[in-house]
Amino acid sequence: MTILVSGMIAAVPRQGGATWAVLQYLLGFKRLGHDVYFVESLARNALQPYGASLADSRNARYFRTVMAEFGFEQSATLLVEGSRECVGLDYDALGRIARYADVLVNISGVLVDEALLECIPVRLYLDLDPAFTQLWHFAQGIDLRLAGHTHFATVGLGIGQSECTVPTGGLRWLRTLPPVVLEHWTVDGDITFDALTTVANWRGYGSIEHAGVHYGQKAHSLRRLIDLPTRVKDRFVLALAIHPHETADLERLSNHHWELVDPESVVATPVTYQAFVSGSWAEIGVAKSGYVVSRCGWFSDRSACYLACGRPVIAQDTGFSRWLPTGHGLLCFDTTEQAQAAIEDLHGAYARHARAARGLAEEWLDSDKVLATLLEQLAAAS
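Presented here is an overview of the structure given in this document.

Procedures and definitions
Residues numbered from 1 in each chain as written. Predicted model: local features only at pLDDT ≥ 70, side-chain atom pairs only at ≥ 80, totals over all residues. Heavy atoms only, no water. Pairing = 2+ DSSP bridges. Helix = DSSP H or I, 4+ residues; strand = E, 2+ residues; numbered from the N terminus. Axes fitted to C-alpha atoms, helices over the stretch in contact; angles between N-to-C directions. Contact = heavy atoms within 4.5 Å. Buried < 20%, exposed > 50% of the residue type's maximum accessible area, 1.4 Å probe, protein only. Phe/Tyr/Trp six-rings, centres within 6.5 Å; stacked < 30°, edge-to-face > 60°. Lys NZ or Arg CZ within 6 Å of the ring centre and 35° of its normal. Disulfide = S-S within 2.5 Å. Salt bridge = Lys/Arg side-chain N within 4 Å of Asp/Glu carboxyl O. Parallel < 35°, antiparallel > 145°, perpendicular 65-115°, else oblique. Nonpolar A, V, L, I, M, F, W, Y, C, P; charged D, E, K, R; others polar. Polar contact = N/O pair within 3.5 Å; in protein donor to acceptor, adjacent residues only side chain to side chain.

1. Comments concerning the sheet that holds strand β3 (residues 76-80)
As summarised here, the arrangement of the eight strands in space is β4-β3-β2-β1-β5-β6-β7-β8, forming an open sheet in which the pairing is mixed. Where the open sheet ends on each side, the last strands, each with one partner, are β4 (86-88) and β8 (173-175). Looking at each pair of strands side by side, their axes are set apart by 25 degrees on average, direction ignored. Where strand β2 (residues 35-42) meets β3, five bridges bridge the pair, whose relative direction is parallel.

This is how it looks when you write it as structure tokens:
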């Protein structure tokens, strides 16, 4: 098939993890033998520095670098929303591709150009931010660009299930795991960060109050785990994007032995992100509190990369443990005491957990399996 993928890579450049979240789909569909094209649409006020033309922007420079690095320089377009201005494939070429494309995979509804959308028969909205997407759109009345799609999928394994009270808007949400392209994530690297690590934003955006429930951010979850490093001998290293004005939280993190490193220094590109993940001893995966309280079943694409590298993951449970096997390679927790016990378990049998981590990635998260299943679900629902 011809598959057009849209998602966010260049709108906020130099975020290696967010870039990989999109690359897994591009590379994964290509591995399955499909003709894959990529288009990213961004608002003009997102161009950096402010007032720059698209061609001269930092966004375009990052876009070109990433597309060339992964073999998409001849099959990708960066488009200014509401215009024909683009770099990469020109707008007319993009229009021709859209006319014969079989499927659009529109990650978070990034592409809104109706002239491109309307001629593609299967238009999939792919939700990577479950609970928040549905609450914003259906409960808060914020347009998340769901209109115009024929199908809807989410990485929230609990969306639409009885345990999760998040509104579905009457839509049928296909459920899918985050894919990882295993050939890009190998188990032969050395541990260079002898620590439990993760990559995170302290606050990604505002929290939501709905039906008496607070759906919060990573900050709210980390505050509840603040004393975890003081309970064990391990180092905790966070590539954490946090505003310097968050002085009270920065002081508390430091006082409780959380080590912070600048994401711009260690995970700004796909290559440095890979090095940080594969060089870690294990991941301490802290979820947004909104994922946790909603029981939406979100599982991190970042954690999938750790597992594929044979790095064990200790992850805060969002309900994903109902669908993914835990206890070997992937350990989940609800409380600080459970996280502490999981760390002690790793020390008792690290080699076994490391093998199990890779095995879990191969069995459950391999892009060949995940994306083939997603396409099968689309075909069955069409």
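2. Structural notes on the sheet that holds strand β16 (residues 330-333)
Spatially, six strands are ordered β13-β12-β9-β14-β15-β16 in an open sheet, and the strand pairing comes out parallel. Unpaired on one side and paired on the other, β13 (258-261) and β16 mark the two borders of the sheet. Each strand axis lies, on average, 30 degrees off the axis of its neighbour in the sheet, ignoring direction. Where strand β12 (residues 236-241) meets β13, four bridges bridge the pair, whose relative direction is parallel. In the strand pairing of β13, L238 is matched with L260. Lying over the sheet, helix α9 (residues 270-278) contacts β9 (193-201), β12, β13 and β14 (280-285), oriented at roughly 130 degrees with respect to β9.

3. Observations regarding the pairing of strand β1 (residues 2-6)
In terms of burial, β1 is a largely internal element, five of the five residues being buried. Burial along β1 is two-sided: T2, L4 and S6 and I3 and V5, pointing in opposite directions, are all buried. For β1 and strand β5 (residues 103-107), the ladder comprises four bridges, and the chain directions are parallel. Paired with L4 across the bridge in β5 is L104.

4. Overview of the packing of aromatic side chains
Scanning the entire structure with this criterion turns up 15 aromatic pairs. A ring pair is formed by W185 and Y273, whose centres lie 6.3 Å apart and whose planes are at 90 degrees; its orientation type is edge-to-face. Taken together, the residues W185 in the loop between β8 and β9 and Y273 in helix α9 connect sequence positions 88 residues apart. Linked through ring pairs, F132, W136, Y205, Y291 and W298 together constitute an aromatic cluster. In this structure, K288 packs its charged tip against the face of F132, placed 5.3 Å from the ring centre.

5. Quick look at helix α5 (residues 132-139)
Burial in α5 covers these residues: F132, T133, Q134, L135 and W136. On the buried face of α5, the contacting elements are β6 (122-127), β7 (151-154), β8, β10 (208-210), β11 (213-215) and α10 (289-294). Two residues or fewer past α5, G141 is found with a positive phi of approximately 75 degrees.

6. Looking at the state of the cysteines
For the structure shown, the criterion picks out zero disulfides. The thiol of C164 is unpaired, and the distance to the nearest cysteine sulfur, on C296, comes to 6.1 Å. Taking relative accessible area as the criterion, C164 reaches 6% and is therefore assigned buried.

7. Some thoughts on the pattern of salt bridges
Scanning the entire structure with this criterion turns up 17 salt bridges. The partner of E264 in a salt bridge is R14, and the shortest N-O contact between them spans 2.6 Å. Taken together, the residues span a long stretch of sequence, with E264 in helix α8 (residues 263-266) and R14 in the loop between β1 and α1 (16-31) at a distance of 250 residues. E264 gets classed as partly exposed once you look at its relative accessible area, which sits at 39%. Between E259 and R235 there is a salt bridge, with the nearest N and O atoms lying 2.9 Å from each other. Of this pair, E259 sits in strand β13 while R235 is found in the loop between α6 (218-224) and β12, placing the two residues 24 residues apart along the sequence. Take R235: its relative accessible area is 38%, and that puts it in the partly exposed class.

8. Looking at the packing of helix α13 (residues 350-365) against helix α14 (residues 367-381)
Two elements in contact, α13 and α14, have axes whose closest approach is 6 Å; the angle formed by their N-to-C orientations is 20 degrees. Taken together, α13 and α14 sit at an angle that is classed as roughly parallel. Seen from α13, the contacting residues are E362, E363, W364 and L365; seen from α14, they are S367, K369 and V370. Along the lines of polarity and charge, the residues of the contact of α13 with α14 split into three nonpolar, one polar and three charged.

9. Quick look at the side chain of T198
Along the chain, T198 turns up in strand β9. Within the structure, T198 has its side chain in polar contact with the side chain of E283 (distance 2.8 Å). Sequence-distant contacts of T198, that is, excluding residues within four places in its chain, are made with V237, L238, A239, F276, E283, I284, R302 and Y306.

10. Let's talk about the environment of L146
Structurally, L146 can be placed in the loop between α5 and β7. Apart from the residues lying within four places of it in its own chain, the contact partners of L146 are Y125, T133, H137, F138, F152, L171 and W173.

Interpretation note: all reported values are geometric properties and have no functional meaning in isolation.
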